[in-house]
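The lines below spell out each chain.
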Amino acid sequence: MEDRQRHSTTILCVRRGAEVVIMGDGQATQNDFVVKPNVRKVRRIGPSAVGGFAGVAVDGLALLEKLEAKLEEHPGQLLRASVELAKMWRQDKLLRELDASLIVADAQTTLWLMGNGDVLEAGADGVIGIGSGADFADWHHILPDGSIVSGDSASAASAAAVAGHEK
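1. A short note on the pairing of strand 5 (residues 42–45)
Relative to strand 6 (residues 49–55), strand 5 runs antiparallel, the two being bridged by four bridges. Along strand 6, the bridge assignment pairs Ile45 with Ala49. Hairpin remark: strand 5 followed by strand 6, antiparallel, with three residues in the connecting loop; positive phi at Gly46, about 70°.

2. Looking at the side chain of Asp59
Relative to the assigned elements, Asp59 resides in helix 1 (residues 57–73). The side chain of Asp59 is buried and forms no salt bridge, while Lys41, the nearest opposite charge, is found at 11 Å. Within the structure, Asp59 has its side chain in polar contact with the backbone nitrogen of Asp99 (distance 2.8 Å). Sequence-distant contacts of Asp59, that is, excluding residues within four places in its chain, are made with Glu97, Leu98, Asp99 and Ala100.

3. So, the sheet that holds strand 1 (residues 10–16)
Here three strands make up an open sheet; going across it, the order is 2-1-10 and the pairing antiparallel. Of all strands in the sheet, those bounded by a partner on one side alone are strand 2 (19–24) and strand 10 (127–131). Across the sheet, the mean angle separating the axes of adjacent strands is 10° when strand polarity is ignored. Relative to strand 2, strand 1 is paired through six bridges, and the arrangement is antiparallel. Bridge pairing links Arg15 to Val20 in strand 2.

4. Digging into the environment of Phe53
Along the chain, Phe53 turns up in strand 6. Other than its neighbours up to four places away in sequence, Phe53 contacts Thr9, Ile11, Arg40, Lys41, Gly60, Leu61, Leu64, Ser101, Leu102 and Ile130.

5. Focus on helix 1
Within an α-helix, residues lying three or four positions from one another point in the same direction, as the helix has 3.6 residues per turn. Here helix 1 contains 17 residues, and its C-alpha end-to-end distance of 25 Å stays within 8% of the 24 Å for a straight helix at 1.5 Å per residue. Of the residues making up helix 1, those classed as buried are Asp59, Gly60, Leu63, Leu64, Leu67, Lys70 and Leu71. When helix 1 is viewed along its axis, its buried side chains cluster within an angular range of 135° and face the same direction. Helix 1 presents Val58, Glu65, Glu72 and Glu73 as exposed residues on the side facing more than 90 degrees away from its buried surface. Residues of helix 1 that are buried in the fold lie against strand 5, strand 6, helix 2 (78–91) and strand 7 (100–105).

Analysis parameters
Residues numbered from 1 in each chain as written. Predicted model: local features only at pLDDT ≥ 70, side-chain atom pairs only at ≥ 80, totals over all residues. Heavy atoms only, no water. Pairing = 2+ DSSP bridges. Helix = DSSP H or I, 4+ residues; strand = E, 2+ residues; numbered from the N terminus. Buried < 20%, exposed > 50% of the residue type's maximum accessible area, 1.4 Å probe, protein only. Lys, Arg positive; Asp, Glu negative; His and termini not counted. Salt bridge = Lys/Arg side-chain N within 4 Å of Asp/Glu carboxyl O. Polar contact = N/O pair within 3.5 Å; in protein donor to acceptor, adjacent residues only side chain to side chain. Contact = heavy atoms within 4.5 Å. Axes fitted to C-alpha atoms, helices over the stretch in contact; angles between N-to-C directions. Expected span 1.5 Å × (residues − 1). Arc of directions from axis to C-beta.

Shown next as structure tokens:
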């Protein structure tokens, strides 16, 4: 039996203070096959935010465009624009069928938006991921001193380091 590695999208966001980076693997997949290795799934949203998506490409792009329109209605208010998008996504019969998740960020906030209406803020470590690499984001934590810990003790070490950093 042939051993095939599963391929899927990964979007990862890392924040350190007001600096934030969102990156993606750029893969477009169909089932287990990479059909295009250089897709842009991370884009600028308006003048001060950036976002990335995992899921169906056309759905992710449509959601990013709708979020950009919400940001035009609520300039500089990423959280409010994201909540408005989530409400619309959840309530609209056609939008409800869209199959994608978003990570969006500006200088103050990092958010994960899902089609069920959830808008979740990144944890204290500033790392959040969606897609097949999301488990990697949960497994590795960036501490305030810039070091990275991984494994079962990562959450405890991250919490202890944050607590020590706040003193």
